[in-house]
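One letter stands for each residue in the lines below.
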Amino acid sequence: MPVIAVIGAKGGVGKTTVAANLCTTLGAAGRRVLAVDLDPQNALRFHLANDPAMREACEAGLAAALAGQIGWTQAIQPARGGVLLLPFGAIDDEHQIDIERHLADNPDWLADTLAGFRLPSDALVLLDTPPGPSVYLQQALRVASITVLTVLPDAGSFATLPLVERMVDKYCTARGDFGAAMYLVNQFDAAKRLNRDVLQALRSAHGDALLSVIHQDQAVGEALAMALDVRRHAPHSQATEDFAVAARHLLARLDALPGTSVSDGFRASGAPHQRQPAP
Amino acid sequence: MSFSNAAAHRPESPPPPPHRLFRVAAWAVTLIALPAVIITPMTLHQQLTLSIAIFIAALVLNRFPGRIPTLAMIFLSVVVSSRYMYWRITETMYMDNLLDLVLGSGLLVAEVYAFLVLLLGYIQTAWPLERKPVPLPADSADWPTVDVFIPTYNESLSVVRPTVLAAQSMDWPRDKVRIFVLDDGRREEFRVFCEGVGVTHVTRDNNRHAKAGNINAALKNTDGEFVAIFDCDHTPTRSFLQIALGWFGRDPKLGMVQTPHYFFSADPFEKNLGTFGTVPNEGELFYGLIQDGNDLWNATFFCGSCAVLRRTILEEVGGIAVETVTEDAHTALKMHRAGYNTAYLALPQAAGLATESLSSHVGQRIRWARGMIQIFRTDNPLLGRGLTWPQRLCYINAMLHFLYGLPRMIYLTAPLAYLLFGASVIHASAPMIFAYALPHLFHANLTNSRIQGRFRYLFWNEVYEAVLAWYIFRPTLVALINPKLGSFNVTAKGGLIQEQYFDTQIAKASLFLLALNFIGVAAGLWRLTWVDSDNILTVWLNLAWTFYNLMILGACVAAANESRQVRGAHRVTLRVPATLHFADGHSMRCHTFDFSSGGLGLELPAEIALPDAAPLDVSLYRGESEHRFAASVRFNRGKRMGIQFEPMSFAEERALVQCTTARADIWAARWGNHPRVAAHKVIGHIARISLVGFREMFGHYGRALSRKLRPAPAGGARPVNAKEPT
């Protein structure tokens, strides 16, 4: 069960948008995907499940399940494009501090929880995380098979990279089951000189590890406003192509992972068999 | 380590020769047995048995891949053809009247010529060297300095611009490459452009010796160790210099490295016959096979462009040769005579525009033909010092090749001698002719299609030659008689064919031959009735030959039917991904279908409502890099859109050239990679083209006739001759 952690060093780089579109693109490629929102902003649901009928479930989410208020089966909701969504849940500040304390005390909480889901081996788990170092990021990095560090092609984003890179180094690199630390450039505009230069610098620094370059595209924002993924909203747009490239590269990387054979052609859109673990 | 210190040696050669004793024995057997096989007279029955046996052997050999079976097939072909030629000369020339003798000798001359060219061709292409590039020294500080010459005379700036910009993008240390535009037109526009873009604009106060003189004048004012020469419309790739210069480091006596001339637009044959990308074009045989074959014998010659020359050696032979109009081949000949080497790399590293119209194509070939015959007359490679025998033979074949004009016309009319006049040009029975001539033809075609299959399809050679035969016959004859006569003509580039039209001027020779052959068919049918009942087989043989000639001539006529070229700037077919970025921030992935310096034709995945002149950006890609250009909509119909670029900076223009013209990745996929096609399919294809040619021709003359016969339209003040419309 490979885990992809979408991470970012700094807010506003479009990490949640990237995570959501990666989920639907991977789903469209025939993979079973569980999207887990580890960000207390609880924003992934706006991309994947912006349906009034699901509002209640999305407000409970992971936080409620962690507190034992609901079962995990209830917390996980079928969302757009065959993706299953575990939203973070809407909580107040005190509750958030409790959760963070709990996570800090149980470093393997996420690993145990995911293992408890007994997902089929070809299912993918995609984690959305809050920006910068946090206890959520620690949890995510401890289980990640691949990290996707989202970055804008500007100076600020480039400068803050080492902060998160050091964490990836600390929690992932040494692990035997860790695949790759990858980069994804978001909102690229080839008409801007600075964009091209930053991309050039990233290419020369990371080369193969560059997953994809998502172009600046009005369709991305519009898709969110219309509660659609980009692929549905603007199938011919550059952004759709870019996410497809990202998904393709990701799958190739996952196939190369030691011990995880995800390429055995399971193409099912049914829900994974879930069992209720004890939180 | 300096650039040219590495040990010199030739690239991989054929397998080492076998033991000396074995060689002597083989030669002895060959020299004794072969003449016997060639000259032994035989009855029809014996000759048939022998021919069939040898042909079966060739067919069996042809089933095995590799070069040794090819050499064996060449050997069999030479034996069979020699036997035919011997029989032809000794047995079939007993003419009892003058007409037979004159016409018969004409055919014999054509056949001897074809036989010689066949033999020389085998020598030339027996073992293409397939030389690979060698790497340059690791430290670019050791790389030599290069002067890039781009000679131009009357071509428009829009043609030259991409070449200069692409030359600037070549990967070579900036301080070791200098670019010179050699402008024999002395144009202010060019000076301004060169200054703006940062290259040197070179002029001289006269135009003596045209391109050769232009380059020689520039040689005097420059000092780079190597000189790279590009015709002004040959856009080099970034890798050109790194690919082309490696061998100079290996071989200090290497004077020149030539790379292919690749054309990314359709030549007139391809355009008018609709064969672009499906049938190997005229140049592919030469650059794909012949130059590579020459390279084995150290006889590759300079072709005027897409080549690098070593300055010291070039200067030692007196610069670019000025005595003939093919200065390039002559310069290489001088280098070889002086004991220097040349090399060929069969990797397209530059691409240009093909000639626009058939008439300019013919003009170019006339120049080549005249020049080669001039060299033949003034500096004959068979004579003089310094050349090895294979070099002499390769050069002589390159020159003899251009004498095909008369033989080709003889072939196209030979059966008429019998059909029209009852002249018997080959004094032998039809069965004997079958038994000797067919094996000769079958072996030659089988062997050549094995050697040339990827670069030239069977029978196409005859189409290419038949179109040009008459036009190069006269200048080559003149040059043979007096090499100083005849004027120099520049190949026109960047012309615009306003309307589809039938080039009656160029087709005239083909039309004349066609008319003769039609008369021949009529005469043949007449002979089939009661007139010639004793020789029905001979009549059929000549009729079949005439029909074949009609097919070839039909294709020639089709080639003269110029298709229309829609826009002013060259539009070149190119399918690469692109992205449109609209003013409202949306984008659309699409593909280009053609491009020019002015704009792009795009194929969209879905229709989009966008008015003409709407501004947008378009992204093009080259490997990992992306370039975005401002443009506006020219037309937008259905899923097709044409966009026009906004004015660009030089940097943007350079990027555009890198994304479009200077792309070896796209050319290499096409070049020399044609699938082998069976003979009957090739014949079928040519026959279809030929039928279209006839239709166009009759259509053209039908319209012309009806215009002539119909009274002029009302409104003309002139009184109309009263003529009955028919």
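Quick caveat, the model's predicted, so the values are computed rather than measured. (Residues numbered from 1 in each chain as written. Chains lettered and ligands numbered in written order. Predicted model: local features only at pLDDT ≥ 70, side-chain atom pairs only at ≥ 80, totals over all residues.)

1. As for the overall build of chain B
Threshold: Each helix is a run of DSSP H or I of at least 4 residues and each strand a run of E of at least 2, with the numbering of both proceeding from the N terminus. Each radius of gyration is computed over the set of C-alpha atoms, and the globule rule expresses the reference value as 2.2 Å times the number of residues to the power 0.38. Whether a residue is buried, exposed or partly exposed follows from its count of other C-beta atoms within 10 Å of its own C-beta, namely 20 or more, 12 or fewer, or something in between, respectively; the C-beta atoms are built from the backbone. A pair of residues counts as a contact when their C-beta atoms, built from backbone coordinates, are separated by no more than 7 Å.
When its secondary structure is counted, chain B shows 22 helices and 19 strands. By the compact-globule yardstick of 27 Å for 726 residues, chain B fits well, its C-alpha radius of gyration being 28 Å. Across the 726 residues in chain B, those meeting the buried criterion constitute 45%. The contacts in chain B between residues at least 6 apart in sequence include a share of 78% that link residues at least 24 apart.

2. As for the overall build of chain A
When helices and strands are counted, chain A shows 12 helices and eight strands. For 279 residues, the compact-globule formula gives about 19 Å, and the C-alpha radius of gyration of chain A, at 18 Å, lands near that figure. Overall size of chain A, expressed as C-alpha extent along the three principal axes, is 50 × 40 × 40 Å. Considering chain A as a whole, with its 279 residues, one finds that 50% of them fall into the buried category. Across chain A, contacts joining residues at least 24 apart in sequence account for 78% of those joining residues at least 6 apart.

3. A short note on the interface of chain B and chain A
Interface size is often expressed as the accessible area that is lost when the parts come together. For clarity, the cut-off: Classes in brief: Ala, Val, Leu, Ile, Met, Phe, Trp, Tyr, Cys and Pro nonpolar; Asp, Glu, Lys and Arg charged; the others, Gly included, polar.
Across the boundary between the two partners, chain B contributes 15 residues, which contact 13 residues of chain A. Among the elements of the structure, β15 (587–595), β17 (615–622) and β18 (625–637) of chain B are those that each provide at least two residues to the side of chain B that touches chain A. Residues that form the side of chain B that touches chain A fall into these classes: three nonpolar, six polar and six charged.

4. Description of the nonpolar core
All names here are of chain B. Heads up, the rule is: Joined through C-beta atoms within 7 Å, a set of buried Ala, Val, Leu, Ile, Met, Phe, Trp, Tyr and Cys residues constitutes a nonpolar core.
Membership of the largest hydrophobic core comes to 161 residues, with the highest contact counts inside it found for V148, I150, V257, V308, M372, A555 and C556. Here this core gets 11 residues from one element, more than from any other, and that element is helix α17 (residues 460–481). Excluding anything up to four places from it in sequence, V257 contacts A244, W247, F248, A307, V308, A343 and L345.

5. What about the environment of F694 of chain B?
Residues and elements named next belong to chain B. Mapped onto the elements of the fold, F694 is located in helix α22 (residues 679–709). Look at F694 and you get partly exposed, because 17 C-beta atoms sit within 10 Å. Sequence separation between F694 and V164 is 530 residues, and the spatial gap between their C-alpha atoms is 43 Å. Apart from residues no more than four positions distant in its own chain, F694 is found in contact with G554 and V557.

6. What to know about helix α19 (residues 536–559) of chain B
Going by this rule: The span one expects for a helix is its residue count, reduced by one, times 1.5 Å.
Across its 24 residues, α19 of chain B extends 35 Å between first and last C-alpha, which sits within 8% of the 34 Å expected from 1.5 Å per residue. Burial of α19 of chain B is extensive: 17 of the 24 residues sit out of reach of the surface.

7. Quick notes on the packing of helix α1 (residues 15–28) of chain A against helix α12 (residues 238–255) of chain A
Residues and elements named next belong to chain A. Threshold: Axis definition: a line fit to C-alpha positions, over the contact stretch in the case of helices; interaxial angles, taken between N-to-C directions, run 0 to 180 degrees. For this classification, under 35 degrees means roughly parallel, over 145 means roughly antiparallel, 65 to 115 means roughly perpendicular, and everything else is oblique.
Running from N to C, α1 and α12 cross one another at 70°; their axes reach a closest spacing of 9 Å. On the basis of their axis angle, the class for α1 and α12 is roughly perpendicular. From α1, N21, L22, T25 and L26 reach across to α12, where they touch F243, A244, A246 and A247. Counted by class, the contact of α1 with α12 contains six nonpolar, two polar and no charged residues.

8. What about the environment of S204 of chain A?
Looking at where S204 of chain A falls in the secondary structure, it is placed in helix α9 (residues 193–206). The exposure class of S204 of chain A is exposed, given the 8 C-beta atoms found within 10 Å.

9. Here's the deal with the domain arrangement of chain B
All names here are of chain B. Note the threshold: Residue ranges assigned to the domains are those given by an automatic or database domain assignment.
One can read the domain layout of chain B as domain 1 (41–126 + 404–490 + 504–559), domain 2 (140–356) and domain 3 (572–662). Inter-centroid distance (C-alpha atoms) of domain 1 to domain 2 is 37 Å. Taken residue by residue, the interface counts 15 residues in domain 1 and 18 residues in domain 2. Within the residue set of the side of domain 1 that touches domain 2, elements represented by two or more residues are α4 (98–125), α17 and α19. In terms of residues, the side of domain 1 that touches domain 2 owes the most to one element, α19, which gives three residues. Per-class residue counts for the side of domain 1 that touches domain 2 are 10 nonpolar, three polar and two charged.

10. Overview of the confidence of the model for chain A
Cut-off, in case you're wondering: A score between 0 and 100, pLDDT records how confident the predictor is in each residue.
Across chain A, pLDDT averages 86, with 92% of residues at or above 70. Scored below 50 in pLDDT, residues 261–279 of chain A shows 33 contacts in the model against residues more than four places distant or in partner chains.

11. Some remarks on the pairing of β18 of chain B
Residues and elements named next belong to chain B. This is how the line gets drawn: When DSSP finds two or more bridges between two strands, those strands count as paired.
Sheet topology note: the β17/β18 ladder contains eight bridges and is antiparallel. Residue pairing in the sheet places L616 in a bridge with A631 of β18. Note: β18 against strand β19 (residues 640–645), six bridges, orientation antiparallel. Note that in β19 the partner of F635 across the bridge is G642. Taking the residues that link successive antiparallel strands as the turn, the β18-β19 hairpin has two residues, and the phi of G638 there is positive, at about 55°.

12. Let's talk about the sheet that holds strand β9 (residues 341–344) of chain B
The strands making up a sheet associate through backbone hydrogen bonding, with each pair oriented either parallel or antiparallel. All names here are of chain B. Reading across the sheet, the seven strands line up as β3-β2-β1-β4-β8-β6-β9 and stay open at both edges, with mixed pairing between neighbours. Sheet topology places β3 (200–202) and β9 at the edges, where each strand pairs with a single neighbour. On average, each strand axis in the sheet is tilted by 20° relative to the strand beside it, whichever way the strands run. Bridging between strand β6 (residues 254–258) and β9 involves four bridges; their strand directions are parallel. Within β9, the residue paired with V257 across the bridge is A343. The strands touched by helix α8 (residues 240–250) are β1 (146–152), β4 (226–229), β6, β8 (307–310) and β9; relative to β6, the strand with the most contacts, the crossing angle is about 150°.

13. Description of α22 of chain B
Between its first and last C-alpha atoms α22 of chain B spans 44 Å; for 31 residues at 1.5 Å apiece the expected length is 45 Å, and the two agree. Of all the positions in α22 of chain B, only I686, I689, S690, G693 and M697 of chain B are classed as buried.

14. Let's talk about the sheet that holds strand β5 (residues 234–236) of chain B
Residue and element names in this part refer to chain B. Pairing in this open sheet of three strands is mixed, and the strands run β5-β10-β7 from one edge to the other. This sheet does not close on itself; its edge strands, each paired only once, are β5 and β7 (262–263). Looking at chain direction, β7 and strand β10 (residues 350–352) are connected through two bridges and run parallel. Counted as the bridge partner of F263 is G352 from β10.

15. Quick word on unusual backbone geometry
Residues and elements named next belong to chain B. Phi angles above zero are rare outside glycine, and F459 is one such case at about 70°. Summarising the element assignment, F459 is placed in the loop between α16 (430–452) and α17. A residue is classified by how many C-beta atoms lie within 10 Å of it, and F459, with 18 of them, is partly exposed.

16. Examining the packing of α4 of chain B against helix α14 (residues 389–400) of chain B
Residue and element names in this part refer to chain B. As a reminder of what qualifies: Crossing handedness is read from the near helix: turned anticlockwise from the far helix by less than a right angle, it gives a left-handed crossing, and turned clockwise, a right-handed one.
Where α4 contacts α14, the axes come no closer than 9 Å and their chain directions differ by 130°. The orientation of α4 relative to α14 falls into the category oblique. In this structure, α4 meets α14 at a crossing whose hand is left-handed. Counted together, L116, V117, L120, G121, I123 and Q124 of α4 and P390, L393, C394, I396, N397 and L400 of α14 form the full contact between these two elements. Residues that form the contact of α4 with α14 fall into these classes: nine nonpolar, three polar and no charged.

17. Here's the deal with the environment of L224 of chain A
Residues and elements named next belong to chain A. Relative to the assigned elements, L224 resides in helix α10 (residues 218–225). Using a count of 20 C-beta atoms within 10 Å as the deciding quantity, one classes L224 as buried. Sequence-wise, L224 and T17 are 207 residues apart; in three dimensions their C-alpha atoms are separated by 8.2 Å. The contact partners of L224, leaving out residues within four places of it in the chain, are T17, F46 and H47.

18. Considering the pairing of strand β1 (residues 3–8) of chain A
Residue and element names in this part refer to chain A. For β1, the buried fraction is high: six of the six residues fall into the buried class. Burial of β1 is two-sided: the residues V3, A5 and I7 facing one way and the residues I4, V6 and G8 facing the other way are all buried. Strand direction decides the pairing type here: β1 and strand β5 (residues 124–128), joined by four bridges, are parallel. Of the residues in β5, the one forming a bridge with I4 is L126. When β1 meets strand β6 (residues 146–151), the two strands line up parallel, connected through five bridges. By the bridge assignment, A5 is partnered in β6 with T147.

19. Observations concerning the confidence of the model for chain B
Residues and elements named next belong to chain B. Chain-level statistics for chain B give a pLDDT mean of 88 and a share of 92% at 70 or above. This model gives residues 5–11 a pLDDT under 50, and the stretch forms nine contacts once residues within four places in sequence are excluded. Low pLDDT, under 50, characterises residues 714–726; the stretch is placed with six contacts to residues that sit more than four places away or in other chains. Scored as a complex, the prediction yields pTM 0.83 and ipTM 0.82.

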